[in-house]
Amino acid sequence: MSADKKITRFSSGPWHLVAVIATTLFAITVINYSFDYGWFSVFPNLLYFPIIIACVYYLKRGFVFSVLLSLFYLILVIGEAKDVILIYRAIIRVIIFILVAGVVTIISLHRKRAEELLIQERLFSDALIDSLPSVCYALDENGVFLRWNKNMERVSNYEREEITHINILAIIAEQDKELIRSKMTEVVVEGSASTEANLLTRNGLSIPYHFNWIRANIGGKTYLLGMGMDITNRKQAEEIINGLNANLERHVAALTEANKELESFSYSVSHDLRAPLRHIMGFSELLQQTAVNLDEKGQRYLRNILESVKRMGNLIDDLLSFSRMGRTEMHKGTIITGQLVEDIIKELSDETKGRNIIWNIEELPPIYGDYAMLRLAFTNLIANALKFTRKREQARIEIGCILSEDNETVLFIRDNGAGFDMKYVDSLFGVFQRLHSRNEFEGTGIGLANVRRIVLRHGGRVWAEGTVNSGATFYVSVPN
Amino acid sequence: MGMPGRILLVEDDPKDEELTITAMEHFNIVNEIVVARDGEEALDYLYRRGKFAEIPSGNPAVILLDLKLPKISGLDVLRQIKEDARLKMIPVVILTSSREEKDLVSGYKLGVSAYVVKPVEFHEFIDAVRDLGAFWAILNEPPPGSIRKLKR
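Procedures and definitions
- Residues numbered from 1 in each chain as written.
- Chains lettered and ligands numbered in written order.
- Predicted model: local features only at pLDDT ≥ 70, side-chain atom pairs only at ≥ 80, totals over all residues.
- Heavy atoms only, no water.
- Buried < 20%, exposed > 50% of the residue type's maximum accessible area, 1.4 Å probe, protein only.
- Helix = DSSP H or I, 4+ residues; strand = E, 2+ residues; numbered from the N terminus.
- Arc of directions from axis to C-beta.
- Contact = heavy atoms within 4.5 Å.
- Buried area = accessible area lost by both parts, 1.4 Å probe.
- Salt bridge = Lys/Arg side-chain N within 4 Å of Asp/Glu carboxyl O.
- Polar contact = N/O pair within 3.5 Å; in protein donor to acceptor, adjacent residues only side chain to side chain.
- Pairing = 2+ DSSP bridges.
- Axes fitted to C-alpha atoms, helices over the stretch in contact; angles between N-to-C directions.
- Parallel < 35°, antiparallel > 145°, perpendicular 65-115°, else oblique.
- Nonpolar A, V, L, I, M, F, W, Y, C, P; charged D, E, K, R; others polar.
- Phe/Tyr/Trp six-rings, centres within 6.5 Å; stacked < 30°, edge-to-face > 60°.
- Lys NZ or Arg CZ within 6 Å of the ring centre and 35° of its normal.

*Asks:* Report on helix H12 (residues 337–347) of chain A, specifying residues and quantitative values.
*Replies:* Thr337, Leu340, Val341, Ile344 and Ile345 of chain A are the residues of H12 of chain A that are buried. Viewed end-on, H12 of chain A has its buried residues packed into an arc of 130°, placing them on one side of the element.

*Asks:* How would you sum up the interface of chain A and chain B? Please name residues and give values.
*Replies:* By a widely used convention, the size of an interface equals the accessible area lost when the partners come together. At the interface, 21 residues of chain A touch 25 residues of chain B. Counting the surface lost from both chain A and chain B, the interface buries some 2,200 Å², and carbon and sulfur atoms represent 54% of this. For the pair chain A and chain B, the number of links is one salt bridge. Where arginine 278 of chain A meets aspartate 16 of chain B, a salt bridge forms, and the shortest distance between an N and an O atom there is 2.6 Å. For the pair chain A and chain B, the interface holds six residue pairs in polar contact (both at pLDDT 80 or more). Of all elements in the fold, only helix H10 (232–290) and helix H11 (296–327) of chain A reach the threshold of two or more residues within the side of chain A that touches chain B.

*Asks:* Describe in detail the sheet that holds strand E9 (residues 395–402) of chain A, supporting the description with residues and values.
*Replies:* Residue and element names in this part refer to chain A. The mixed open sheet is built from five strands, whose spatial order is E7-E9-E10-E12-E11. A strand with exactly one partner marks an edge of an open sheet, and here the two such strands are strand E7 (357–361) and strand E11 (461–467). Across this sheet, the average inter-strand angle for adjacent strands is 10°, counted without regard to direction. Sheet topology note: the E7/E9 ladder contains five bridges and is parallel. Along E9, the bridge assignment pairs isoleucine 357 with alanine 395. Helix-sheet contacts for helix H14 (residues 371–388) involve E7, E9, strand E10 (408–415) and strand E12 (471–479), and the interaxial angle to E10 is about 25°. Sheet strands touched by helix H15 (residues 447–457): E11 and E12. Its angle to E11, the strand with the most contacts, is close to 145°.

*Asks:* With reference to specific residues and values, describe the packing of H11 of chain A against H15 of chain A.
*Replies:* Residues and elements named next belong to chain A. Running from N to C, H11 and H15 point in directions that differ by 5°, and their axes come no closer than 9 Å. It follows that H11 is roughly parallel to H15 by the angle criterion. Side by side, H11 and H15 meet where Ser321, Phe322, Ser323, Met325, Gly326 and Arg327 of the first sit next to Ala449, Asn450, Arg453, Ile454 and Arg457 of the second. A breakdown of the residues in the contact of H11 with H15 according to their chemical character gives four nonpolar, four polar and three charged.

*Asks:* Please give an account of the pairing of strand E4 (residues 92–96) of chain B that cites residues and values.
*Replies:* Residue and element names in this part refer to chain B. Across the five residues that make up E4, a large majority, five, are buried. Of the two faces of E4, both are covered, the one formed by Val92, Ile94 and Thr96 as well as the one formed by Val93 and Leu95. Two elements, strand E3 (residues 62–65) and E4, share three bridges in a ladder whose sense is parallel. Pairing of leucine 65 across the sheet is with isoleucine 94, part of E4.

*Asks:* Tell me about the packing of aromatic side chains, and name the residues and values.
*Replies:* All names here are of chain A. In this structure the tally under the stated criterion is twelve aromatic pairs over all chains. Ring centres of phenylalanine 412 and tyrosine 475 lie 6.1 Å apart, and the angle between their planes is 45°; on these two criteria the pair is classed as tilted. Of this pair, phenylalanine 412 sits in strand E10 while tyrosine 475 sits in strand E12, and the two are 63 residues apart along the sequence. A ring pair is formed by phenylalanine 429 and phenylalanine 474, whose centres lie 6.1 Å apart and whose planes are at 85°; its orientation type is edge-to-face. Within this pair, whereas phenylalanine 429 is found in the loop between E10 and H15, its partner phenylalanine 474 is found in strand E12, the two being separated by 45 residues in sequence. Taken together, the aromatic side chains of Tyr137, Phe145 and Trp148 make up a single cluster linked through ring pairs. Between lysine 391 and the ring centre of phenylalanine 441, over which it is positioned, the NZ or CZ distance is 4.6 Å. Lying over the aromatic face of phenylalanine 322, arginine 453 brings its terminal NZ or CZ to 4.0 Å of the ring centre.

Right, here's the structure in full:
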């Protein structure tokens with residue numbers, strides 16, 4: 001901002017020309033005077049210095065001028081010299097003159113270069129702070145503006161002259177003035193400070209800003225260097241986010257409510273639906289015991305009632321276990337799959353007894369998941385394989401693993417059982433979905449739905465391939 | 001085997017009550033049963049107030065407690081029993097339809113003696129009631145102060 005002032009101080013203006021002429025005239029007068037009085041010692045040589053310094057310092061190509069001046073003097077002396085000694089003296093004088101002029105020239109060139117560098121540095125730092133997108137300024141320790149960038153003028157709407165010597169509080173909204181005052185103290189004491197506050201423009205507009213300051217001690221003086229960033233967009237985004245968050249919270253609350261309802265629903269299924277079922281069953285059995293005169297038909301009706309009630313009980317139990325599967329907390333760990341499969345097959349020994357089954361179990365990699373849940377899933381799949389191969393003279397059940405590139409382990413269970421039609425593959429994993437009649441194969445149709453839910457909760461996938469009467473393959477992928 | 005103790009059956013459903021009593025008829029412990037139809041009645045009986053004000057003192061040998069009850073829930077009845085120094089020694093067996101883990105956990109946390117889920121099939125149900133009756137009302141030695149025989 002005030003760099004041009006300094007530039008004028010170093011440039012040669014009309015006053016300097018006058019000074020050069022005056023100094024030169026003075027020097028010439030003194031020299032002539034000394035000549036007239038015959039001071040032909042070394043001393044008068046020193047009287048040239050003002051001329052040298054004046055020439056070199058203030059005039060362009062001062063050194064050349066000095067040399068020409070001394071040569072001119074030499075010519076004058078030689079032209080009028082009556083004595084060789086005078087000529088020698090003049091030569092010595094000129095050599096001293098030129099040497100001194102040279103030294104002075106070198107010193108002043110260095111100085112000029114330093115001044116130019118300073119100016120360049122100044123221009124560079126001005127350009128730098130002007131290029132910053134934020135408001136940027138330097139204050140003295142009382143908060144008065146010393147320097148600032150163009151953005152400062154543009155944002156605050158103040159003219160350059162107006163900003164000079166105003167305090168930072170002048171561009172702060174009324175309600176934030178106290179805050180900024182305390183921050184100014186903080187930055188002087190602590191060395192840095194930052195805050196959000198509203199910037200007040202000259203035309204009374206209030207803009208949300210984020211200010212920060214650091215203290216700088218330069219040349220024994222304390223300066224506060226500050227920056228301010230327009231956070232209007234951030235504030236608006238924050239408002240939007242707050243709105244979204246509130247919305248999200250409402251949804252979460254609704255979801256929690258729905259979850260609670262679901263829980264109370266399953267509670268009511270567990271308690272309220274089972275009670276009448278138990279009554280039907282209990283009184284039917286009591287009827288069976290007391291109605292001794294009931295004919296064969298009546299007895300059959302009662303048996304049917306009891307069977308249906310029992311089936312309904314199983315359905316309710318399955319539904320409950322399915323709902324529990326979606327709610328219970330998971331405890332994950334590494335599972336030795338081979339051991340798990342072995343245990344399950346042992347557990348299912350009632351199913352395998354007396355049957356001709358060829359087990360083909362590959363070496364299986366360990367998987368990561370909830371042991372109890374995955375055990376249930378694999379039990380369902382293996383029990384299914386056993387169930388649907390029951391009519392085979394020789395059942396063949398294969399359990400293996402497919403190498404997969406994606407960070408997951410894919411296990412499969414293949415049987416040569418009843419299989420299924422691929423066009424119904426989508427309903428295979430649905431709740432209470434069955435592809436076989438109950439007379440053919442028993443079951444409620446919850447098993448595969450449970451398998452699917454368990455695997456999905458592990459972040460994996462399930463799918464199946466099958467052909468009617470040629471067996472089925474079920475695939476389970478679990479992330480590693 | 002001592003004399004059968006008195007059983008307090010807390011059950012709001014008359015059909016369940018009938019089935020339970022019928023099951024107990026098989027084992028001749030029917031006249032030892034007092035029925036409370038909700039949580040409040042159960043507490044009235046235990047504190048001998050309201051319609052139970054006239055009964056002789058003494059705690060039942062065992063309480064068979066349903067969870068879902070009108071007015072005061074089974075778990076709240078259980079909590080009050082366990083908070084009262086005079087009642088907390090009475091063995092309490094939860095006899096319910098609920099298999100929910102949260103009920104199981106709350107029940108055991110409150111210090112229930114046993115948790116029995118009513119089986120759907122009647123013959124299993126009478127087996128369960130027989131075992132319960134046999135164990136708690138006959139085999140188990142109740143805490144001092146329990147009534148061993150209902151005097152009418």
